[in-house]
Each structure stands twice: as C-alpha cells, then as structure tokens.
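Residues per chain, in single letters:
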Amino acid sequence: MSSIVLGVGASHSTLMNTHWQEVDHLPGAHRFRDGLHEARDVLAEARPDAVVVIGSNHFRGFFLDMMPAITVGVGEVLGAGEADTPSGPLPVDTTLARHLVESLVDEGFDPAFSLRLTVDHGITHSLQHLVPELDVPVVPVVINMFAPPLPSLARCHALGQAIGSALRSDGEAKRIAVIASGGLSHQLPWPAWFDALCDDDRFLVEAWLNGRDSWSEYEVRRRQIIRAAKPQINEEFDKNFLAMIEAGDLSPLLGLSAEEVAAQAGNGAQEIRSWIAMTAALGPCTGRALAYAAMDEWLTGMGVAVLEPHS
C-alpha cells in the first residue's frame, strides 16, 4: 500500500521567470522564492517515488471547444513551455495515473483522461521550482478554475479525499507527494466567456476558443492585457487561508460559492481549489506556511506551505 508523505501548496506566476529583474530589489519576491526553495528541499527529503500535481489551466492545453471539469494525464504529458516554463515531455507514472482514474470513477466522479495532455504553468511552474530535476514521475490533475461553471469548493474537497483514497489503495509501496499549484488572491483581466464586454474581452474569448493549434499567435496581446492589469490582492484573505492550511482544515471555506470567492479575493483565487483538494487528499495533517508576499508586480498574493500527514 502506498502512502502520502507530504503535501505542498505554492502560488505560481510566470512573471517570476520572465521579469525577475524588475522585482529583484523587493524583499517579498525573495521571501517567496526562498520559501519555494525551502519547500523544494523538504520535498527532496521526503524522497517521493511519484508526485501528483493538482493545478489549473490557463487556456493553453484546454480550450472552450472542450472544457472538462477534471482531467488526469495518463499517458504522454507535454509542458506548453510558455514564459520559460518546462516544455516537451514530462515523466509520468502511467500506472498510478490509470489507477487514479479508475478509482475516481468508482467513487462517483467522472474525470476526463488524456493520452496526450498539454499542461501549462498551472502544472509546470510548480514542477520547475519544486522538482527542478524533473526526475520524479508525475500525475497531473487539472481542475477547471477559469471557465465557469466551476466545480464547487466542496466538490474539490471530496475530489481530494477520493484522490487520497486512490493513492493509498494502489497496491504498490510508493511514497507519494501531492502538490497544489495556484492562488492565492488575484484578479486577472479575464472575462467570463459568456460575458465579453470590450474588445480585449472578445479577443481573449476568441483565443480561448480557437487557440488549440495556434495559441502562440495570441500570446503577445494576451500578455500585454495581463501586464496592464491593476493588482487586486486581499492580504487578509490570504493570511486567513494560510492559517487554515497550518491547521490542516479548510472546511470553513467549503460553503463559499465561486462568486463569493471572486468577490473576496478575485477570479484568480478560484485556484484555491487545488489547495483544497491537496489538503483533503492528505487527510488529518498539520501545515507550515513558509512564505507569503503580496506581489503587486505579479498581481498575486504569493504563498507557499508544506503539510505533513498525521501518522
């Protein structure tokens, strides 16, 4: 029987890769990066045989022509390679991935699966900075967090519990770590796909619908739209969230609707779904926040934490 040995939650921002020189003078940027490095070291000490990465899609591997709520990569997994994130094939634990899909179906979920899955920085940013050698096989679990309707927070908690049960019942003797990528509070200049009001909105929806084979053609303007956005970070929300992570209990949040999450912490905070699923997968656990920085330059409240399951 396999065991879950560690959980890690980490915010992501491709601006950390491409525009570090703009923030190199800021203590918050170094605080977050140092926290990532500490989490990387804790993860290495845990000696995982496989890593399950729960994250989002930013309309590079998934598009509005088909948007599943939950997708597991069970075969070839390719990094999109945007903004200096990993590109090309990633090592995949296909046996564990197939077992996960079968177990989720048995538990009443209906995950999509892919034999050739493209993942963007919603998955690869965490791998790049937490598993830098990319020598540990991964199982990507992508949750729809940006194209409403979204799976509820409570559903993501139940999904995490089912993931935890599946990992512990695979009939192997693996040490498995679970990484949650995304969040915390931030507001992206992204419309709801059904409510595109201005030229930029309509451009983005077009990119999200038609970009499957040509997303790079949309990237310059898309990047300009994001870079022009004004930061909207809710530090109180983020710090309360990290306090719940340290307690190993996110249940106070599970009743929030997607609209309430967005009102409190921005549409980018929908990515807390990955943290909720990761924490639920671990079961009873205790967390430790390693770093937090409200990074206006990255539009995001950047947090990183490690969680250890109770033995």
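As the structure is a computational prediction, the values presented were derived from the model and not from experiment.

Q: How do you make sense of the overall build of the protein when you look at a structure like this?
A: Assigned secondary structure in the protein consists of 10 helices and 9 strands. For 311 residues, the compact-globule estimate of 2.2 N^0.38 gives 19 Å, and the C-alpha radius of gyration of the protein, at 18 Å, lies within 12% of that figure. Dimensions of the protein, computed from the C-alpha atoms along their principal axes, are close to 55 × 40 × 40 Å. Per-residue burial for the protein yields a buried fraction of 58% across its 311 residues. Contacts in the protein between residues at least 24 apart in sequence constitute 82% of all its contacts with a sequence separation of at least 6. Just so you have it, the protein exposes about 12,500 Å², and 50% of that area is on carbon and sulfur atoms. Taking the average place of the 21 positive charges on the side chains of the protein and the average place of its 40 negative ones, the gap between the two points comes to 1 Å.

Q: I tried to follow the nonpolar core on my own but got confused; where do I start?
A: Most often, soluble globular proteins have nonpolar side chains that are buried together. Formed by 66 residues in total, the largest nonpolar core has its most connected members in Ile54, Val72 and Ile163. Of all hydrophobic cores here, the second largest spans 40 residues; its members include Leu36, Val142, Ile179 and Val304.

Q: What's the story with the packing of aromatic side chains in this structure? I'm lost.
A: Between two aromatic rings, the relevant description is the distance of the centres plus the angle of the planes. A full pass over the atoms with the stated rule returns 9 aromatic pairs. Seen from their ring centres, Phe59 and Trp190 are 5.7 Å apart, and the 65 degrees between their planes marks the pair as edge-to-face. Placement of Phe59 in the loop between strand S2 (50–55) and strand S3 (70–80) and of Trp190 in the loop between strand S7 (175–181) and helix H6 (199–210) is noted, with a sequence separation of 131 residues between them. Assessed through its relative accessible area of 2%, Phe59 is described here as buried. A connected cluster of aromatic rings, assembled from ring pairs, spans Phe59, Phe146, Trp190 and Trp208.

Rules used throughout
Residues numbered from 1 in each chain as written. Predicted model: local features only at pLDDT ≥ 70, side-chain atom pairs only at ≥ 80, totals over all residues. Heavy atoms only, no water. Helix = DSSP H or I, 4+ residues; strand = E, 2+ residues; numbered from the N terminus. Rg over C-alpha atoms; globule rule 2.2 N^0.38 Å. Buried < 20%, exposed > 50% of the residue type's maximum accessible area, 1.4 Å probe, protein only. Contact = heavy atoms within 4.5 Å. Areas by Shrake-Rupley, 256 points an atom, 1.4 Å probe, with all protein chains shown as cover. Lys, Arg positive; Asp, Glu negative; His and termini not counted. Charge placed at Lys NZ, Arg CZ, Asp CG, Glu CD. Core = buried A, V, L, I, M, F, W, Y, C linked by side-chain atoms within 4.5 Å. Phe/Tyr/Trp six-rings, centres within 6.5 Å; stacked < 30°, edge-to-face > 60°.

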